[in-house]
Amino acid sequence: QEMLEKTKNELMIAAPLLTKPLLKAALEMLTHLQHADAKILFLASKEMEKSVIELVARVAEVRVRDHMFGGGVISDGIEALLFLGERKPDLVIWSNHVGLVKFAKDYFEYLWKTATRPQ
């Protein structure tokens, strides 16, 4: 929540699975970011419910893909929260270390380029 509140320009979210309750909790903040002209990119797993993807698509640019090992959030390219694990997070890492955040952002951009728009 703190990361979302501090975001000014760009938010990148990679979510292998996202439950509706978690989405509803974040949706208000994402809507606020959208109204503040922040760019929101949301990368979802193809396993995610279509209804959840449709909700997110109201406030973010959405793409989907297979084979996501973990996920995370990158705020303005200066802060990252990474979730490692396929079904549930086995490890969660927060960092504002320049190198780690750049690596996370580069990897997100690679996944984004190889993802597709939802059908």
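Here, every reference points to the structure presented above.
Computed from a predicted model, the values in this text were never measured in an experiment. Each chain has its residues counted from 1, running along the sequence as written. With the structure being a predicted model, the display of local features is reserved for residues of pLDDT at least 70 and the display and counting of side-chain atom pairs for 80 or more, all residues being used for whole-chain, interface and lining totals. Side-chain descriptors were evaluated using all non-hydrogen atoms of the structure, hydrogens and water having been removed beforehand.

(A) Just the overall build of the protein chain, in detail. Looking only at helices and strands, the protein chain features 4 helices and 6 strands. Start at the N end of the protein chain and walk to the C end: the helices and strands fall as α-β-α-β-α-β-β-β-β-α. Relative accessibility thresholds used throughout: buried, under 20% of the residue-type maximum; exposed, over 50%; partly exposed, between the two (1.4 Å probe, protein chains only). In the protein chain, which comprises 119 residues, the proportion classed as buried is 45%. Note on contacts: a residue pair is in contact if any heavy atoms of the two residues lie within 4.5 Å. In the protein chain, the share of contacts with a sequence separation of at least 24, taken over all contacts with a separation of at least 6, comes to 61%. Carbon and sulfur atoms provide 56% of the accessible area of the protein chain, an area that totals close to 7,400 Å². In this text, helices come from DSSP runs of H or I with a minimum length of four residues, and strands from runs of E with a minimum of two, each type numbered from the N-terminal end. To be clear on the numbers: accessible area is Shrake-Rupley with a 1.4 Å probe, and residue cover counts the displayed protein chains and nothing else.

(B) How the structure looks around the nonpolar core. Buried residues of nine kinds, namely Ala, Val, Leu, Ile, Met, Phe, Trp, Tyr and Cys, make up a nonpolar core once their side-chain atoms join them within 4.5 Å. Core analysis: the largest hydrophobic core is formed by 23 residues, its most contacted members being L11, I13, L30, F42 and M48. Elements with a minimum of two residues in this core: α1 (2-6), β1 (10-15), α2 (20-35), β2 (39-45), α3 (50-57) and β3 (61-65). Of all the elements, α2 adds the most residues to this core, at 5 residues. In contact with L11, other than residues within four places in its own chain, are L4, L30, L33, K39, I40, L41, V73, I74 and S75.

(C) Fine view of the sheet that holds β2. The pairing criterion for strands is at least two bridges between them, as found by DSSP. Pairing is mixed in the open sheet, where 6 strands are placed in the order β3-β2-β1-β4-β5-β6. Looking at strand neighbours, the two that pair on one side only are β3 and β6 (91-95), the edges of this open sheet. Pairwise comparison of adjacent strand axes, ignoring direction, gives a mean angle of 10° for this sheet. In the sheet, β1 pairs with strand β4 (residues 71-75) via 4 bridges, with the strands oriented antiparallel. Orientation is described by lines fitted to C-alpha atoms, with helices fitted over the stretch in contact, and by angles between N-to-C directions that extend from 0 to 180 degrees.

(D) Region of interest: the pattern of salt bridges. One side-chain nitrogen of Lys or Arg within 4 Å of one carboxyl oxygen of Asp or Glu is enough to make a salt bridge. In total, this model carries 6 salt bridges according to the counting rule given. E79 is paired through a salt bridge with K6; the nearest N and O atoms lie 3.5 Å apart. Taken together, the residues span a long stretch of sequence, with E79 in strand β5 (residues 79-84) and K6 in helix α1 at a distance of 73 residues. The residue E61 makes a salt bridge to R63 at a minimum N-O spacing of 3.7 Å. Under the relative-accessibility criterion, E61 is labelled partly exposed at 32%. Among the residues examined, R63 registers a relative accessible area of 15% and is labelled buried. Salt bridges here are not isolated pairs; linked through shared partners, they connect E2, K6 and E79.

These results come straight from atomic positions and should not be treated as a statement about function.
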